[in-house]
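What follows is each chain in one-letter form.
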Amino acid sequence: MEAEGIMEQRSSDTTIHDLPDHILQHILSLLFSTKYAVRTCVLSKRWVYLWKDISNILLPQTGFKSRQQFINFVSRFYQVYDCSNIRSLFFCCQVSEDAPQINEWLQGFINPNIQELSVYVGETKEPLVFPEHLFTCATLTKFQVCMKHIFKIPFSIQFESLRTLTLNSIIFPDTSSTQQFFNGCPCLEVLDLYYCNWMNVDSVCICPPMLQKVTIIEGRGKDKPNEATRVSNYCNVMIDGNSLKSFSYKGDLRNDYFLYSSTSVMIASVDIHAPKSWNKNAALFVFKLLHALSNAENLSITPISLSV
């Protein structure tokens, strides 16, 4: 009984400083921003270099008093951190006039062994340029990018391990490279297409054999296309649904999405936002989707979609 009491006392006296380095580094990697991990260097001599070995880097502009303060922090961090340690990178900021600086960071931060990459920059006057080795990275499993500019795609693409892909607001450059991009994702399981601009693409076929979930959102309230614009610029997007389990569309018919071999879809959602003048196109679009989703066990359709 006395021994048990001693053990309980020792257990209750354990503090965070008693944890091994790899546990502490894991805790630091879970903080909202890497800047908080860096700040722990003032705690004691042991903590001075702990943050330099974390592999999960989060660099959101949120939490800094000013954008310039964020730029200064990332610049200093980039100089002293060993980028080869990075396995997961989250980067989010307003680019403004600093596209060359941010491109330099991306070239350094994105190493050939990265596993997860999320880059959110919104509107930018110049396109972000990802290192070419990213597009042949054998370890990348998750890729998310939000950029309202042309998405530069290199000639060689082979995402052999990519499972989750989110493309937000990007402008696809042309038909050939866009098709090549999707052909280079043979293991893709989850695809999210948010507000993408397909105006430079005539048609594309998305057919990863293991694709299980597709979510499409397009159209912005103040940027509604007229009928003439839609007819001349819309893209035919064909999606192979052999393994598809979930499909969701929400938008104003900017493009024509066609599902084939989609009998495996169990969960589906169709939400059309279209002016009355588009009724014929909307009706045909909804008809084709409902026909492709005829085996769905859980189907959600908005009142507007039903009315057309």
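Up top you'll find the structure we're talking about.
No experiment lies behind these values; they were computed from the predicted model shown. (Residues numbered from 1 in each chain as written. Predicted model: local features only at pLDDT ≥ 70, side-chain atom pairs only at ≥ 80, totals over all residues. Heavy atoms only, no water.)

1. Structural notes on the sheet that holds strand β1 (residues 56-60)
In space, the 10 strands of this open sheet follow the order β1-β2-β3-β4-β5-β6-β8-β10-β12-β13, with parallel pairing throughout. What marks the edges here is a single partner per strand, and that holds for β1 and β13 (298-301). Recorded for the sheet is a direction-independent mean angle of 5 degrees between the axes of neighbouring strands. Bridge analysis of strand β12 (residues 267-272) against β13 gives four bridges, and the strand direction is parallel. For Ala268, the partnering residue across the bridge sits in β13 and is Leu299. (Pairing = 2+ DSSP bridges. Helix = DSSP H or I, 4+ residues; strand = E, 2+ residues; numbered from the N terminus. Axes fitted to C-alpha atoms, helices over the stretch in contact; angles between N-to-C directions.)

2. So, the nonpolar core
Among the nonpolar cores identified, the biggest contains 78 residues, and Phe130, Phe143, Phe182, Trp198 and Phe247 are the most heavily contacted of them. Residue contacts for Phe247: discarding those within four places in its chain leaves Val214, Ile216, Ile239, Leu259, Val265, Ile267, Ala268, Ser269, Leu289 and Leu293. (Core = buried A, V, L, I, M, F, W, Y, C linked by side-chain atoms within 4.5 Å. Buried < 20%, exposed > 50% of the residue type's maximum accessible area, 1.4 Å probe, protein only. Contact = heavy atoms within 4.5 Å.)

3. Describing the environment of Asp252
For Asp252, the location among the structural elements is in the loop between β10 (246-251) and β11 (256-260). As for Asp252 and Ile272, which are separated by 20 residues in sequence, their C-alpha atoms are 5.8 Å apart. A polar contact is formed between the side chain of Asp252 and the side chain of Arg254, at a distance of 3.0 Å. (Polar contact = N/O pair within 3.5 Å; in protein donor to acceptor, adjacent residues only side chain to side chain.)

4. Quick word on the pattern of salt bridges
Taken as a whole and assessed by the stated rule, the structure comprises six salt bridges. With a shortest N-O distance of 2.6 Å, Arg67 and Asp98 are connected by a salt bridge. Note that Arg67 is positioned in helix α4 (residues 67-80) and Asp98 in the loop between β2 (88-92) and α5 (99-109), a separation of 31 residues in sequence. Residue classification places Asp98 among the partly exposed positions, given a relative accessible area of 22%. Here Lys125 ties to Glu97 by a salt bridge, and the two come within 3.0 Å at their closest N and O atoms. Separated by 28 residues along the polypeptide, Lys125 in the loop between β3 (116-123) and β4 (142-148) and Glu97 in the loop between β2 and α5 bring together distant segments of the chain. Like Lys125, the residue Glu97 is exposed in the burial classification. (Salt bridge = Lys/Arg side-chain N within 4 Å of Asp/Glu carboxyl O.)

5. Some remarks on the packing of aromatic side chains
According to the stated counting rule, one finds 24 aromatic pairs in the structure shown. Measuring from ring centre to ring centre gives 5.9 Å for Phe70 and Phe91, while their planes differ by 50 degrees; the resulting arrangement is tilted. Separated by 21 residues along the polypeptide, Phe70 in helix α4 and Phe91 in strand β2 bring together distant segments of the chain. Judged by relative accessible area, Phe70 falls into the buried class, the value being 0%. Look at Phe91 and you get buried, because its relative accessible area is 1%. (Phe/Tyr/Trp six-rings, centres within 6.5 Å; stacked < 30°, edge-to-face > 60°.)

6. Focus: the sheet that holds strand β9 (residues 236-240)
Judged by pairing direction, the sheet is parallel, and its three strands sit side by side in the order β7-β9-β11 without closing on themselves. Looking at which strands have only one partner, the edges of the open sheet turn out to be β7 (203-206) and β11. Strand-to-strand twist across the sheet, computed as the mean angle between neighbouring axes with direction ignored, equals 15 degrees.

7. Considering the side chain of Asp240
Tracing the sequence through the fold places Asp240 in strand β9. Buried within the structure, Asp240 lacks any salt-bridge partner; its nearest side chain of opposite charge belongs to Lys245, at an N-O separation of 12 Å. For Asp240, the side chain forms a polar contact with the main-chain nitrogen of Asn242, separated by 3.1 Å. Non-local contacts of Asp240, meaning those with residues more than four positions away in its chain, are made with Ile206, Cys207, Leu211, Tyr260 and Ser261. (Lys, Arg positive; Asp, Glu negative; His and termini not counted.)

8. Topic: the pairing of β2
Judged from the five bridges that link them, β1 and β2 form a sheet pairing that is parallel. When the bridges of β2 are listed, Asn56 appears paired with Ser88. A crossover connection joins β1 to the parallel β2 through α4; in handedness this β-α-β unit is right-handed. With five bridges connecting them, β2 and β3 associate as parallel partners. The residue bridging Leu89 from the neighbouring strand is Leu117, located in β3. (Right-handed = clockwise from strand over helix to strand, strands pointing away.)

9. Some details on the state of the cysteines
A complete count under the given rule lists zero disulfides for this structure. Cys146 takes part in no disulfide bond, and the closest cysteine sulfur, belonging to Cys92, lies 8.1 Å away. Look at Cys146 and you get buried, because its relative accessible area is 12%. Cysteine Cys187 remains unbridged, with the sulfur of Cys185 as its closest cysteine sulfur at 9.4 Å. (Disulfide = S-S within 2.5 Å.)

Taken by themselves, the reported measurements are silent on function.
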